[in-house]
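Here's the letter readout for the chains.
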Amino acid sequence: MTSQKEPQGEFSTLTKVTGPSSWSRVSCPCCISSHIEPLVLIQLAESVQPITKQWIMSMISAPVKAGGAQLLVHPGEDMKGDMIVVAAPRCTLLRVTEDLGLCKTYQDGNMTAFSFDDRDNFCNIDDMKKFLTLAERQYIVKYELDSMRAIEDQRIPGIPTPKGKLKARVSILQKLEKAGVIRNVTPLHDQKLLTALGKQWYSQKSLWGQPLDSIHAYFGGTIAYYFSFLDYYTLSLFPPAILGVFITFFLPSANFSSGNKTDSEPTALKDDDDHPSVSSYMVQAVFSMLWSTIFMELWKRRSAALSYRWGTFNLAEQFQEPRPGFHGEVGTNPVTGRLEPLFPDWKRRLRMGLVSVPVVGVFLGLVVMGMAGFYFCERLVSNWHKGSGSYFTAPLVYIPSIAHIVYTNVLGNIYRNVALQLTESENHREESSFDYHHTTKVLVFTFFNNFAVLFHIAFFKEDMPLLRKRLASLLIVTQVVNQFTEVVVPFLVDRFLTSADRNLKEDDPEVDHLQAQGSLPAFPVSSTVLYSQISRIQELYFSYILNLVPLQGLFAEYIELLVQFGYLSLFSCVYPLTAPLLLLNNLTEIRTDAYKLCKLFNKPFSAPVANMGVWQLAFEVLSFISVVSNCWLLLLSPRVKELTQEAGLSSSQILVIAVIVEHVLIMAKMILAFMIPDEPDWVRIKREQIEFHSMQALKKQRIKSSRVDEKLPPKAKMGE
C-alpha cells in the first residue's frame, strides 16, 4: 500500500521536460510550476497504436476553443504504453471553478461565489491544494475531459472507419469509450491522505461522529452527503428505539396477545384485558408520524448548512456544457450563446409520457402479478399439503416463497437495465437531470417491490399478526444478510485476496529505494533510467488501483436506507422493535461502508452537489405516506376496534371518522413542516448576501463596459 504515493512524487518532478516522457507544455506563465500533481489516470486498450495515443494527448492538452480540455498530460512509460496521466494547470482549475458556481472563502472570511476576474481577493488563491479539495480538482479534470468535443467532422488516427469517424460537436471521450479505445478513467488515490482519513474514520473507537470535512475533501460531496445523512439518521433512531423498547417490554399491550390469535377465535379480543387506556398502537403510530416529519425538516436544515460550508449552495449546472451522452442538432444555445447540441423539450416530454411512463407501468403490473401469483400458489400448495397429510409434500410449501424471491430479483435486474435505457432515450441535457429521472424510475419500482406485499397484508387482508411476522422476518433476515455482506465479506476480501499483493508492494526493494530518494530531479537524468523508474512505479501503483472494484454509485446504499425508513415510518406501530434493530445495524453500517470505500473500491469521481438530490425527495414522500399508513393501521388496531364496537359505530361511520382524522393529521404535518424553516437564518442571510453582491458586481461590470465603449473612437466601434 505504501507504493501508492510514489507515482505522484515521481510524476511531480517531470515538468517542462522535452521528450516522450515529459508533461505537456503550458502557455500561461502563471500556470508554470516546478511540481505537477497527477490527478487522473486514463487506461487505454492494449491494442491502441501510438499515433492514436498521441492524438488523444494532443486533444486533452489543446485549448478549449479547439475542442480540447486544456489540461496537462503525461504519456506514462512511453508512447507505446497503455495509460495517460492527466493533471490540471492553475488557470483551468480556476476557470472551471467559476463555471461550476462554487463558492470559496473571500478575504473577509465569508463564502462568496468565485469569480476568475476577482481571484486575487480569495483566500489561498496561490495554492491550489488549499483552494480546492482533491475531489474538486479531480472532478474538474473529468469535467474538462467530458467537455471535449470535435470542432468539425474528422477521423481519429489509427482507428478504421466507421469506429474512427468523429462527427462535429460529438463528445470525444464518449466516442473513444464506445470505440473501445479508452477502457477506464480513474481518479488517483493519495495514500498519505487516505491513510490519515482511515484513522479518523473507520478506525476510531467512538460509535458515531465522522470527519465529514475530510470525507468531502477526499471523496467529494456526493459521498460526504451520504455519510452525513447516514450519521444523522443513525443518531435520530435513538428516540424511536427507546420508545420501541419501552412499548415492547413495559406496556401491557406490547405483547399483542390479542393479535396473536387466529380468526377462528373471535372471542380473543374480548377475553384480553391487558390493553391499557392508551394503546401502544396509538403511541407508536402518532410518534412515527411526528418523528418522520421532524427528522426530514431538521435534515434539510443540516443539509443547507453543509452546502454553505462546502461552497455548493450556488451551483449553476444549467449553464454548463451538456453531459457527454446528450445529442441533438447543433445550434446556438439561446441562454449561453455557445454552439452545442440542442434538443426540444417537447420531444423529451413526449418520450417520457408515451414511452417511459407506460413501460414503468408494465413493470409495476408485473410486480403485482407476481404478488398475486405468490398468494395463489401458496394457497394452492398449502391446501394440497393439508389434504394429503404427507411429510413428502411439506417441502413444497416453501416453493412459492422461493419462486417469488427469484422472480422479484430477476425482474429487478431486468428493470434496472430498462430504466437506464429509458432515461438515455429521454436525452437529458444536465447530468443532475439524468440522475434525477433515472433514480426516480428505480425508486418507484423499489417501493412497489419492497412494500407492496406489506400494504396488501395490512390493508386488504387486515391480518396484523401476519404483518408483524412478515416485518419481523424481513428485519431479522436483512440484519443477518447485511452483517455478513457488510462485515464478513469485506474482511475476508481484504485479508486473503489483497494482502498478498499488498505485502509484495511493501517488501519490494525497488519501492523502498525510490521512497528513500524522495523527489527525483527533473534534470539532468538519463532517459533510460527515467523510463525504467516510471515503468516500475506505474506497474506497482496503477495495477493496484485498476484491480480494485469500481464503485457503481450509491444506489444500493440509499435504497437500503430508504427501505429501512419505510419499515420504520410506515409499519413500526405493528412491530415496535423495528427501530432498535435498525439502530444496531446502522452502527456497524457506518464503519463498514467507510472501510469498503477506502479499501475495496476504486476512488469515484464526485460532482459538487448541494443536497442528496432525488433521494431527499424520496424520503419526504415516504414521510408523507407514513401519515396515511399509520392512520389506517391505527384504525385496524385491536384497541380501536374494541372502542368502535363498544360505541356501536357502523363501518361507514368509522370510515368517515378515519378520513377526517387522516386529513387532520396531514394538516398537522404540513403546519409542523411549515414552522421549521428548510434552512437556518444565517444560511439564508449568507445566500441573499451572495445574490446581492453578484448583482452589484454585474452592475459595476456593465458601467465599466459602457465607459470603455464611450472612450473608443467611432472607427473602432464600427470595426467591432
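Cut-offs applied
- Residues numbered from 1 in each chain as written.
- Predicted model: local features only at pLDDT ≥ 70, side-chain atom pairs only at ≥ 80, totals over all residues.
- Heavy atoms only, no water.
- Helix = DSSP H or I, 4+ residues; strand = E, 2+ residues; numbered from the N terminus.
- Buried < 20%, exposed > 50% of the residue type's maximum accessible area, 1.4 Å probe, protein only.
- Areas by Shrake-Rupley, 256 points an atom, 1.4 Å probe, with all protein chains shown as cover.
- Pairing = 2+ DSSP bridges.
- Axes fitted to C-alpha atoms, helices over the stretch in contact; angles between N-to-C directions.
- Expected span 1.5 Å × (residues − 1).
- Bend = angle between axes of the 7 residues up to and from the residue.
- 1 Å grid on protein atoms, 1.4 Å probe; cavity = no way out; pocket = protein on both sides within 12 Å on 5 of 7 lines; lining within 4 Å.
- Points joined across faces, edges and corners; volume = space filled by probe spheres on them.
- Nonpolar A, V, L, I, M, F, W, Y, C, P; charged D, E, K, R; others polar.
- Parallel < 35°, antiparallel > 145°, perpendicular 65-115°, else oblique.
- Contact = heavy atoms within 4.5 Å.
- Phe/Tyr/Trp six-rings, centres within 6.5 Å; stacked < 30°, edge-to-face > 60°.
- Lys NZ or Arg CZ within 6 Å of the ring centre and 35° of its normal.
- pLDDT = per-residue confidence, 0-100.

A.B. asks: Give me the overall build of the protein: which residues, what numbers.
C.D. replies: In terms of helices and strands, the protein carries 26 helices and ten strands. Put simply, the protein has 720 residues, and 49% of those count as buried. For the protein, the accessible area works out to roughly 35400 Å², and carbon and sulfur atoms hold 62% of it.

A.B. asks: Can you tell me about the sheet that holds strand β3 (residues 83-87), naming the residues and giving the values?
C.D. replies: What the four strands build is an open sheet, ordered β2-β3-β1-β8; its pairing is antiparallel. Strands with a single pairing partner mark the edges of an open sheet, and in this sheet they are β2 (72-74) and β8 (182-187). Looking at each pair of strands side by side, their axes are set apart by 20° on average, direction ignored. Pairing analysis gives five bridges linking strand β1 (residues 40-44) to β8, with the strands arranged antiparallel.

A.B. asks: Tell me about helix α21 (residues 578-599), and please be specific about residues and values.
C.D. replies: Between its first and last C-alpha, α21 extends 31 Å over 22 residues, near the 32 Å set by a 1.5 Å rise per residue. E589 marks the point of greatest bend in α21, at about 30°. A large share of α21 lies buried, amounting to 18 of its 22 residues.

A.B. asks: Give me the lowdown on empty space enclosed by the protein, citing residues and values where you can.
C.D. replies: Within this structure, the stated rule accounts for five cavities of 30 Å³ or more. Every residue along the wall of the second largest cavity is listed here: T133, A135, E136, Y139, H216, G220, G221, T312, S606, A607 and P608. If you tally residues by element for the lining of the second largest cavity, the top one is helix α5 (residues 134-147), at three residues. In terms of residue class, the lining of the second largest cavity is built from four nonpolar, six polar and one charged.

A.B. asks: So what's going on with the packing of α5 against helix α8 (residues 212-219)? Which residues, and what values?
C.D. replies: Look at α5 against α8: their axes get within 4 Å of each other, and the N-to-C directions meet at 25°. Taken together, the axis directions place α5 and α8 in an arrangement best described as roughly parallel. When α5 is examined against α8, the residues L134, A135 and E136 are found in contact with a partner set consisting of H216, A217, Y218 and F219. Looking at the contact of α5 with α8 residue by residue, the classes come out as five nonpolar, one polar and one charged.

A.B. asks: Describe in detail the packing of aromatic side chains, supporting the description with residues and values.
C.D. replies: Working definition: an aromatic ring pair is given by the centre-to-centre distance plus the angle between the planes. Per the stated rule, a full pass over the model turns up 34 aromatic pairs. Note on Y218 and F219: the rings are 4.9 Å apart at their centroids and 75° apart in plane angle, and the pair reads as edge-to-face. Residue classification places F219 among the buried positions, given a relative accessible area of 0%. Taken together, the aromatic side chains of W201, Y218, F219, Y226, F227, F555, Y558 and W615 make up a single cluster linked through ring pairs. The aromatic ring of F116 is capped on one face by R119, whose charged end is 4.1 Å from the ring centroid. The ring of Y218 carries the charged tip of K603 above its face, separated from the ring centre by 4.0 Å.

A.B. asks: A description of the environment of T97 should follow, citing residues and the corresponding values.
C.D. replies: Looking at the element boundaries, T97 is found in helix α3 (residues 90-100). Looking at T97, the relative accessible area reads 0%, which means it is buried. If we ignore the near neighbours within four places in the chain, the residues touching T97 are L102, F114, F131, L132 and I140.

A.B. asks: Before we move on, can you summarise helix α22 (residues 614-635) with the specific residues and values?
C.D. replies: For α22, which comprises 22 residues, the first-to-last C-alpha distance of 32 Å matches the rise-based estimate of 32 Å (1.5 Å per residue) to within 8%. By the largest-angle criterion, I625 marks the main kink of α22, which is about 25°.

A.B. asks: With reference to specific residues and values, describe the confidence of the model for the protein.
C.D. replies: This prediction gives the protein a mean pLDDT of 77; 78% of its residues lie at or above 70. Of all the helices and strands in the protein, helix α1 (residues 6-11) carries the lowest mean pLDDT, 34, while α8 carries the highest, 94. Contacts of residues 254-278 to residues separated by more than four positions or lying in other chains number 38 contacts, the stretch itself having pLDDT below 50. In this model, residues 716-720 is a region of pLDDT below 50 whose contacts with residues beyond four sequence positions or in other chains number four contacts.

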